[in-house]
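Summary of the model geometry
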Amino acid sequence: MNAIAMNAARSAEGASVVDGALRVESIGKTYPARGRELVILRGVSLTMSAGDSAAVMGPSGSGKSTLLNILGTLEPPTSGRVTIGGTDPFTLDERGLARFRNRTIGFIFQEHHLLPQCTVLENVLLPTLAGPREGGASALDRARQLLDRVGLSDRLDHRPSELSGGERQRVAIARALICRPGVLLADEPTGNLDRTTAEAVGSLLLDVHREQRAVLVVVTHSDRLAERFPRRWELNDGTLVAH
Amino acid sequence: MRWLVYHIRSATYHRRTNLAVTLGAAIATASLTGALMVGDSMRGSLREIAVGRLGRVDHSLVAQRFFRQALADELAASPQTQSPGDFTGVAPAILLRGGVTHAELHTRVERVNLLGVDDRFWRLDSVERPASVSRLADRYVILNEPLAAELNANIGDDVLIHTAKPSAISTETLLGRRDDATAALRLTVAAIVPAEGLAAFDLNPRQVTPKNAYIPLTVLQRTLGRQDFVNTILVSEKSATDTGVPAASEQLSERLQEELQHHVSLADVDLKLRLDETHRYVSVESEAVLIEPALEDACIAAARAIGLEASPVLVHLANTISLDASSEPRASAHATPQIPSPSQGEGQGEGDRNPPKVIPYSTVVAIDPNSPAMKELAETASVKSMALAPGDVLLNQWAADDLHARPGDRVTLTYYVSGDQGKLETRSATFALRGVVPLSGSAADPGFVPEYHGVTDAVSLADWSPPFPIDLKLIRDQDEAYWKQYRTTPKAFVSLADGQRLWGNEGDRFGRITSIRLSPPNNGATTSDADPHALADKFQTELPRHLNAAELGLRFQSTRKQVLQAATGNTDFGVLFVSFSFFLILAAAMLVALLFRLGVERRAFEIGLLLASGFTPRTVARVLLWDGALVALVGGLVGVAGAFGYAWLMLAGLRSWWSAAVNTPLLRLHAEPMTVTIGFVAGLFVATASIAWSVRGLTRRSTRSLLDGNVGDSGLSGVVRRGRTASITAVVTLTIAVILAGVAFSADTSTQVAAFFSSGSAMLVACLAALTRWLRAQPHGIMHTPGVAAVMRIGARNARRNVGRSLLTAGLIASAVFVIVSLEAFRLDSDIGGNDKQSGTGGFTLFAESAVPLPYDVNTREGRDALGLTNPLLDPARDVRFVPFRLRPGDESSCLNLYHPTQPRIIGAPDAMIERGGFRFADSLAETEEEKQNPWTLLRRTFADGAIAAIGDESAVMWQLHLGLGKDLVIKDDRGREVKLRFVALLKGSVMQSEIVVSDAQFVRLFPSLGGRSFFLMDMPSADTVEVERTLEKDLSSYGFDASRTSDRLAEYFAVQNTYISTFQTLGGLGLLLGTGGLAAVLLRNVWERRRELALMRTVGFSHATLAVMVLVENAALLVAGVLAGLLSAALAIAPVILKNASSIPWSSLVLTVGAVVVVGMLAGLAAVVPTLRAPLIPALRNE
């Protein structure tokens, strides 16, 4: 299914359509350190369409998280270009970039980063507070749907401290999807989980990504998780190599 | 989810951190609001005190002159005071100042308010009084408690009361009774009343409770010889409340004045009419003998208005009348028919060639040559020309015969004139004898001379009792015979112009005539026209229309309104205490910022998450700010409650430890709703601003770092750059500090303090810059040698982990120590000067004030003899010099008076003082070299706009009067006219803070009715001071003489500023301690952040004790760095004080303050460290 059809399908759902087509052209990333430059990424390029998924692997310090942060517009590349849905987000101003990130990108972190003072439902709704005010009721419905989808519909008013690690990560997945992003980025989503939970979370991630027709990029150390992805890359010495 | 829910959830979840932030915000709000409430309390208390002492008195008339008591009755009976009129009570009274002495114990109290009152006075009270008070019997007196306590008097004890004896005749005129200037009475204490309501009555508001004695009105009137006369009327307004100002107060005051104008009569202005049936005229005369200029004008205007001739007359006493030596002796041309001529009386025949040369003690009349009486005299004297020209004299027949004088002879008169301070001068004038008048008609009228008790009523010349010496040996039988037959009939007549020129007083301040003769034109066309009774009636009816009661000193004031204006005070204690509390507020704000920042840093991932979720940095910052504002709001509400406690504590301090600043225990807590609101909003602002400052830049950190929980500094290059800036700053400011110190050493005293303080400030900045440089520097060397030194090096190095935090805490401690210690440079030392003429004492050892103006010159032997000062210590040869000043009593303008002075005390400096110079000047308008050498000469400067040159103390002029050099103070003179006093020079740190100084000449112009000298500065050998003070107070007790040392007075003034410094230091010290608490919070945070490292160090073998030492060294490094930076800088700032008088610095309290900071800081650090080090090891390693 091409991108236009996918967008039309999403439109039919009544969702805000975000074209998550991801194109990375020869990006590099360096950091200054004691009079010399530290090269983290060099000439990384990739292209992914809606519904595609990929796992990025590599040894510690190889730049996996840096690549993810660039794809998530959390930091700009030193060189090269990134476009998502035809837009180069790094040409937007601060407000534009924030809006772009809010609508286009969903993050899932290893540490889940749920707000301890908010309930499960509220944690899922958090990204909607940065968006436009309209659609408050629909956001609530969607949040409930997502939590139902991840199997936590009976834990809506529970606090993160009352959930297990896996349950917290499922909440984080639901939060990442609340704004129907075109791109889903997960940094070691199962890194803190036991094997069984990690399997479940991994499956959930792949399922919802497919359902939502988003681009999914996962950084992981786990071979088991990585094997489940149709595309696998390895970052080695700053270069992305297909696995 | 609504944002409000989010904020509330966040606040609740992070309640531990937020509680500390709330506490910080509460302290900031409590300090701010509480300080402002001190201002409310001060204003409210001053208002309560002043208004309470008025009872229900709203308006008052207090005059220099005495007027009919019936005037008060007439006002009370007028329609305005009858129901439903606007006034409810009118009370006559006598208000004087004097001294009271316990008859047995001999304790003496000066500057007592003496009130002659009856029951009408007590009906104006706000406190119910028993009949024993309101209807006091004769021979009794009521004392208020402060007076009784100081006297040590009880009910039934006898007291002696001394006061000035009022006389219409000024002691500065020839006929003024200098030897009868005081009055005394002995009374028994009937009651001692608490000083509330009218028992503390005082029209001059001041916070010190007045000492009052209440005497039955009739008793005081009798003692003063002024039966049925008073000098005060008090009026109560119907619509007045106890504390408020009646809305129409000013208008009602004007109506009272109008009503008074309708009732004022001749007797109220010391005038009287004498009817002469024989010569058919009415003579307007004055109890003061001389008729003051305003009354002269009014009388003449009134006379003209009803078509009468008004002839002014001036009478004087000639000590001798004699022929000028150039006149040839000759026989008498006319023998006096009834009184034998001296030659005949002595058996000598006509044509004797040795006539008597001197006629003693004769009245001489100066009269307008165009007046009817003068025309008649000229006709009878057969003077061909109509007018008696200046330089001419007419003698009566008796005198001409006695002197064997003929027209053309030259006649010399000798006479007294009254000089300064009772000095009598004998002068003479020679006239050309124009003619001789027979002793008939106008020439035989003794009525030219007004009544003067002791002279005009004397049986014989020898019985005269004038206030000047007379030589009885000069009086001859014929002189007594003349007196017996003709009494005061004048023996000589001169022109009015000559008389006023020869016998006038300076500026005619007391008047230039002794009577005005009223007669119909052409001496009366009809009998009725000439009837003196009819003339008198017409004149009495007409005169009040031409009198201006207000200009004559009978002036109602809206007293309650004036008092309330004064009660707004000079110093805004609210602002003052906010500045005193500055460090407390700053420390609280710092604590709020620090703790909130620490809390937010713990939520770094939350910030990163929000940014990653698409919130803009600005939105995230707003979220944090609202989180903080909610906490600040709660803290503010708590702080408002705490503000009452803070204000109460400050007032308790002002009543006790800091009482020297306010001199009253009567302070009560007041709080205006607006003040509480302002304080709350200000506290909220401070806390919120601190929070905003603390989170600045946080959302600019990389999202990735924030998600990792890292909010630290940026990369190494930034460290290097900022470290370089710090180095440059340190070098530059150190250079500035050294240069300023060098300049300061060579500067004059007045600028030295400021220069050293600036040098110290620059040094502080240099120290902090150096500290920044050290904190930002990369560590050198490798630590490889185990031991305590290594542990300490690690600890010190840890201070560099978070440069901002470390600098903030050390900087606050350094700044607080610097300010608290360096304030010592501004402490004023009263133990300076001594006999140094250029000091604040002007070289004077004592200053004094007398309730009764001294009528003699105390610098002359004659003056001291007249005053009864016979102690050899006071011999002028012993270098005891007095500089006497005239005094217009009023409100003190010094820092000891919290009330705004509406009528400041004014003194007149004699030429001797102006020539002498002395004192230190802060600034002046001096232009010429003479003025610069001696700015006192500026008092002689005149201004085209009529302003009068004045000198005041800089502190009083700036802080009490809110004026400055070259600015004008508007006052009212004796006649109620507004006059500008322009400050031409400002004294620095002088003993004259309570007075405004003008020249003596200008004083006399402004207040002609105030005679004598009441204010004195004295210099003498220091060894004599105690004995001289004691002697003066004892020997001049009847004048209410109260002397004090100038150094004691300076100490009182300086105590106010020094107390303010102490207050600032105390509150600053509290702020410093609070700041030390912040240091503990920083340490706790640092330790928590490093818990994994510390756990690791424990794992590899470091003991708890070693780790505690390491952490405490980090704490100590910042603490000691801050304290040392502050002390070093402060030492430079107070270098002048250290060099001059190191022992004057309160080392113990400073050491205590700084020591407390160090100890509390270390203890707080220890309390922060111990629990963290004792945390379980494994969870710490796992970062749980």
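Residues numbered from 1 in each chain as written. Chains lettered and ligands numbered in written order. Predicted model: local features only at pLDDT ≥ 70, side-chain atom pairs only at ≥ 80, totals over all residues. Heavy atoms only, no water.

What about the interface of chain B and chain A?
This is how it is decided: Every residue pair with non-hydrogen atoms within 4.5 Å of one another is taken to be in contact. Put simply, a salt bridge is a Lys or Arg side-chain nitrogen that is within 4 Å of an Asp or Glu carboxyl oxygen. Any pair of N or O atoms that falls within 3.5 Å is considered a polar contact. Within protein, one atom must be able to donate a hydrogen and the other to accept it, and sequence-neighbouring residues count only if both atoms are side-chain atoms. Strands here are runs of E lasting at least two residues and helices are runs of H or I lasting at least four, both read from the DSSP assignment and numbered beginning at the N terminus. Basically, the charged four are Asp, Glu, Lys and Arg, the nonpolar ten are Ala, Val, Leu, Ile, Met, Phe, Trp, Tyr, Cys and Pro, and anything else, Gly included, counts as polar.
If you look at the interface, chain B gives 26 residues, while chain A gives 29 residues. At the boundary of chain B with chain A, the tally comes to 2 salt bridges. Among the salt bridges present, the one from B:Arg704 reaches A:Glu75, with a minimum N-O distance of 3.0 Å. Along the contact surface separating chain B from chain A lie 7 residue pairs in polar contact (both at pLDDT 80 or more). Going through the elements one at a time, α1 (3-13), α20 (604-612) and α23 (703-707) of chain B are the ones with two or more residues in the side of chain B that touches chain A. Residue classes in the side of chain B that touches chain A are distributed as 14 nonpolar, 7 polar and 5 charged.

Observations regarding the packing of aromatic side chains
All names here are of chain A. As a reminder, the rule being used: A pair of aromatic rings is counted whenever rings of Phe, Tyr or Trp (Trp by its six-membered ring) have centres within 6.5 Å, and the orientation is called stacked for planes under 30 degrees apart, edge-to-face for over 60 and tilted otherwise. Categorising residues by exposure relies on relative accessible area from a 1.4 Å probe, with only protein chains included: less than 20% of the type maximum marks a residue as buried, more than 50% marks it as exposed, and the intermediate range marks it as partly exposed.
Tallying each qualifying case throughout the model produces 27 aromatic pairs over all chains. With a centroid separation of 5.4 Å and 5° between ring planes, the pair formed by Phe-107 and Phe-109 is classed as stacked. Overall, the relative accessible area of 7% leaves Phe-107 in the buried class. For Phe-109, a relative accessible area of 9% puts it in the buried group.

As for the packing of helix α19 (residues 582-601) of chain B against helix α21 (residues 617-655) of chain B
All names here are of chain B. The cut-off we apply is this: Helix axes are fitted only over the stretch in contact, all axes being lines through C-alpha atoms; the angle between N-to-C directions runs from 0 to 180 degrees. Here a crossing is called left-handed whenever its near helix is offset anticlockwise from the far helix by less than a right angle, and right-handed whenever the offset is clockwise.
Two elements in contact, α19 and α21, have axes separated by 12 Å at closest approach and are oriented at 145°. As α19 runs across α21, the sense of the crossing is right-handed. Where α19 approaches α21, its residues Leu-584, Phe-596 and Val-600 are matched on the opposing element by Leu-624, Asp-627, Gly-628 and Tyr-646. Broken down by class, the residue content of the contact of α19 with α21 amounts to 5 nonpolar, 1 polar and 1 charged.

Let's talk about the nonpolar core
Nonpolar side chains tend to gather and get buried jointly when the protein is soluble and globular. Formally: For our purposes a nonpolar core is just a set of buried Ala, Val, Leu, Ile, Met, Phe, Trp, Tyr and Cys residues, chained together by side-chain atoms within 4.5 Å.
Formed by 198 residues in total, the largest nonpolar core has its most connected members in A:Leu22, B:Phe121, B:Phe201, B:Phe577, B:Trp936 and B:Met992. When residues in this core are grouped by element, the largest group, 14 residues, is from α19(B). Of all hydrophobic cores here, the second largest spans 100 residues; its members include B:Ile94, B:Ala153, B:Leu187 and B:Leu403.

Description of the packing of helix α2 (residues 15-52) of chain B against α21(B)
All names here are of chain B. Which entries qualify depends on this criterion: Note on terminology: angles under 35 degrees are roughly parallel, angles over 145 are roughly antiparallel, angles of 65 to 115 are roughly perpendicular, and the others are oblique.
As a packed pair, α2 and α21 sit with axes 5 Å apart at the nearest point and diverge in direction by 45°. By the angle between their axes, α2 is oblique relative to α21. Helix-helix and strand crossings are classified by hand; for α2 and α21 the assignment is right-handed.

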